[in-house]
Each structure stands twice: as structure tokens, then as C-alpha cells.
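# Coordinate inspection notes
Next come the chains, spelled out residue by residue.
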Amino acid sequence: MSDETVQPLPRKITSSHTLCADKSLSFHLTGEERSLLPTNNNNGIVKNDIPEEFRSALKLYRGKEYEKAVELLEQCCDYYPPAQYQLACMSYDGLGKTENHSLAVKMMKEIVETSSPNYSVLIPCAQYNIGRAYYEGFGVKQSDREAEKWWLLSVKDGDVSGCIKAQSILAMFYSRRGEETTDFKKSHYWHQEATANGSIESQATLGVMYEFGLGVVKDKESSFKCFKSAAEKGNIFAMGNLALQYFRFKMFRNSLEVARKLVSLQDTAQLSRDTDCLEAYIKKGISLGLFLYGRCVEKGVIEQLMEDGEELGEQEPPVYWYSKAAIMEPDTAQYMQDLVSHNEI
């Protein structure tokens, strides 16, 4: 991607974040909290104080059966805080129930304001979601200043106990050009922290920052390593950039191999939920794949593979793939067309 589009934060984040690395499954009840459990609950509390209905709700959530998940979460949210947290996230995003941003923010603030030390695993992610609400202006009055404040609380100075999603989002927040908060050095710092703590979204963005020298010295080798590592872990934005890197190196078969994985992807909203990555950059990654697939068709790469015995079936002309790239993400497709015009790809 160009240095003008290095993952600045979109105004609508559209990324449903529950808890970093399923912290809810490491949550334990205090004695006082345990006393609040219903005495005639048939499901009871099992393994590590986790209600069976909560475990079942998580499975339903992952299986996209959101309405059923909400029903189970509502059964245990009064005495099991992670269920309250999960319900707040789903309420904010309208999953399984009508969107209710004000209620979601209220529930998140209740978690943040609790005095129980056991809430410590929930609080950073709740702070992230409150920051998201202020940034998007849903449920509260829009305020970048408030969003930044809540995200800075959430990241916990980059410690792994902080919210990793917030570290990545804060980095994108600082990379918005033309804003008072624009600071690429801060952006690079927080992307590094998030990457070290496991964020593949930040690792992909570091690839762009190294490629164009944003907040750091240009380093093509580091750029490629970031794209390749994040792509191997499933980041779609990184996969698109890796396909572009391969194409520029004239490694056309490698480029096609990655592009082929991208061209069949369609439901970007669901992909955002599945990968906990921003939908805007999922679209950019897929658009790159679509355009590069068209370039591979135009270069005769696919024809050569078919001659070598691979069964790829009947192929659409290059313009078909270019058009799909433009529909998926117009700015990315235009950027790629500019590279073609300048004989860069």
C-alpha cells in the first residue's frame, strides 16, 4: 500500500472485540461472588468457576448462533461478570439482539468501576470498548480526546496484561494524517508493542511502516518479514501486501498462490469478527488479491501453470478481476492501477 494509506483508523471501527485471548476463561470468582450463585442452578459451576451456560454461549457465539448465545449469557450475567462483558459487546454490535450502544457503554463502565480485584482481566478490554464508543460517537458524545484517554488506560503501558486490541487501535489513531494527534513515531511504538503481544494486525501495519519509512528508517527486508509472518498467521491485509511484494520481485507464482486464497473471500463483516481485524483493511487486502490475480492472468502465469498440469478451470479475463477489485475497495484498486501505469508492476 502507499504511505498515504498506512492503516489510519477509520471513523467506524467495525471490529467486534470480545476479550484478548479469551481472558474470560481464566476468570475466577471470589468467595463473595461465589455466594451470589443461584442455589438451584442445574448447570452449576464447573471447571475453574466457569458456568456451563457461559461455555456453551461462547461455542454458540463462535458458531455465529448469536441469538441462542444471548439467551444463555442472560442466564448467568447477574453473577458471572464475563457474561455481562460479552453481552455488552454483542449489544453494542447488534449481534443476537438489537443494537443498544448506551446500554453497552453503561455495562462496560460498571465493569471498569468495580472494586473487585477479580475484574482486572476484564477492565482493560472494557476500557478499550468505552474508548471505541467515544471515538465512534455511539452511546456517548463523540470525542477523540476521551477515546485516546480510555485507550491509554487500556494499554497499560504496553504490558501484556493490557488490552492488545487497544494497543493496535491506539497506533492507528496516531497515524491519522492531518490530526492534532498525528505522530508516526508513537504509532510505530504502539504497533511494535501490540505485535510483541501477539497482534497480527499491527504486525501487518509494521510492514507498511518499514516499507515507506513512517516513524522508522526504511527497511525492505523487515517490511517483507512482517508481511510474511502476519500473512502466515491469517491476516488478510498482510496477505494482499505479501502478494504485491512477490509480484514486484517477479515471483509471479508465489504472488498467484497468495492471491488465489484472497479472491474467494466475500463476507468481510464476518471475516472481521472471525479475525478481530478491521473490516476496512480486510477489504484492502482482498482488493489487492483480486487485482494481482488479474495481473497474473494478464501476464500468462495461470496459462503457464495449466500447461504444467495444474487444473485451474476456465479463467475470466483480467478486466473481470480488476473490476471486482474496484468494487471491493476503490482506493486500493486505483493505487494498483497507478502502479501499472508507472510500470511498477
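Cut-offs and rules
Residues numbered from 1 in each chain as written. Predicted model: local features only at pLDDT ≥ 70, side-chain atom pairs only at ≥ 80, totals over all residues. Heavy atoms only, no water. Helix = DSSP H or I, 4+ residues; strand = E, 2+ residues; numbered from the N terminus. Contact = heavy atoms within 4.5 Å. Core = buried A, V, L, I, M, F, W, Y, C linked by side-chain atoms within 4.5 Å. Buried < 20%, exposed > 50% of the residue type's maximum accessible area, 1.4 Å probe, protein only. Domains from an automatic or database assignment. Phe/Tyr/Trp six-rings, centres within 6.5 Å; stacked < 30°, edge-to-face > 60°. Axes fitted to C-alpha atoms, helices over the stretch in contact; angles between N-to-C directions. Parallel < 35°, antiparallel > 145°, perpendicular 65-115°, else oblique. Left-handed = near helix turned anticlockwise from the far one by under 90°. Nonpolar A, V, L, I, M, F, W, Y, C, P; charged D, E, K, R; others polar. pLDDT = per-residue confidence, 0-100. Expected span 1.5 Å × (residues − 1).

## What to know about the environment of Cys77
Relative to the helices and strands, Cys77 is located in the loop between α3 (66-76) and α4 (81-93). C-alpha separation for the pair Cys77 and Leu87, spaced 10 residues apart in sequence, amounts to 7.9 Å. Once residues lying within four places of it in the same chain are set aside, the contact partners of Cys77 are Ala83, Gln84 and Leu87.

## Describing the nonpolar core
Counting residues in each nonpolar core, the largest one holds 105 residues, and the members touching the most others are Leu9, Trp151 and Met336. Looking at this core, you find at least three residues from each of domain 1 (21-26 + 49-162) and domain 2 (234-304 + 313-344). If near-sequence neighbours (up to four positions away) are discounted, Met336 is found in contact with Leu244, Leu288, Phe291, Leu292 and Ile345.

## A word on the packing of aromatic side chains
Enumeration over the complete set of coordinates arrives at 15 aromatic pairs. For the ring pair Trp151 and Phe173, a centre distance of 5.7 Å and an interplane angle of 75° mean the geometry is edge-to-face. Remark: Phe173 occurs in helix α8 (residues 164-173) and Trp151 occurs in helix α7 (residues 144-155); sequence separation between them is 22 residues. As far as the burial class goes, Trp151 and Phe173 line up, both buried. When the centroid spacing of 6.0 Å and the interplanar angle of 55° are considered together, the rings of Phe224 and Phe249 count as tilted. A residue pair is termed long-range when its members are at least 10 positions apart, and Phe224 in helix α11 (residues 220-232) and Phe249 in the loop between α12 (236-248) and α13 (252-262) qualify at 25 residues. Accessibility expressed as a relative area gives 44% for Phe249, which makes it partly exposed. Among the aromatic residues, ring-to-ring pairing joins Tyr128, Tyr135, Trp151, Phe173 and Tyr174 into one connected group.

## As for unusual backbone geometry
Look at Lys64: it is not a glycine, yet its phi comes out positive at around 70°. On the secondary structure map, Lys64 appears in the loop between α2 (52-62) and α3. Given a relative accessible area of 39%, Lys64 falls into the partly exposed group. A positive phi angle, close to 60°, is found at Asp157, a residue other than glycine. Checked against the element boundaries, Asp157 lands in the loop between α7 and α8. Asp157 gets classed as exposed once you look at its relative accessible area, which sits at 70%.

## A look at the packing of helix α14 (residues 268-275) against helix α15 (residues 279-299)
For any two helices packed against each other, one specifies the inter-axial angle together with the distance between the axes. With their axes 9 Å apart at the nearest point, α14 and α15 run at an angle of 115° to one another. One element, α14, and the other, α15, form an angle in the roughly perpendicular class. The handedness of the crossing between α14 and α15 comes out as right-handed. Contact with α14, carried on its side by Thr268, Ala269, Leu271, Ser272 and Thr275, involves Glu279, Ile282, Lys283 and Ile286 of α15 and no other residues of that element. Of the residues contributing to the contact of α14 with α15, the split by class is four nonpolar, three polar and two charged.

## Some words on the packing of helix α6 (residues 123-136) against α7
One can describe the packing of α6 onto α7 by two numbers: an axis separation of 8 Å at closest approach and a directional angle of 170°. One way to sum up the angle between α6 and α7 is to call them roughly antiparallel. Judged by the twist between their axes, the crossing of α6 over α7 is left-handed. Here α6 contributes Pro124, Cys125, Gln127, Tyr128, Ile130, Gly131, Arg132, Tyr134 and Tyr135 to the contact with α7, which in turn contributes Asp144, Glu146, Ala147, Trp150, Trp151, Leu153 and Ser154. Its residues placed into classes, the contact of α6 with α7 shows 10 nonpolar, three polar and three charged.

## Brief notes about the confidence of the model for the protein
Per-residue confidence for the protein gives a mean pLDDT of 86, with 85% of residues at or over 70. Low pLDDT (under 50) marks residues 32-47, which in the prediction has 24 contacts with non-local residues, meaning those over four places away or in another chain.

## Examining the environment of Ala126
Counting through the fold element by element, Ala126 comes out in helix α6. Between the C-alpha atoms of Ala126 and Met108, which are 18 residues apart in sequence, the distance is 5.3 Å. In contact with Ala126, not counting residues within four places along its chain, are Tyr85, Met108, Ile111 and Val112.

## Quick notes on α4
Between the first and last C-alpha of α4 there are 19 Å, a value that for 13 residues agrees with the 18 Å anticipated at 1.5 Å per step. Directly after α4, the chain includes Gly94, whose backbone phi takes a positive value near 70°.

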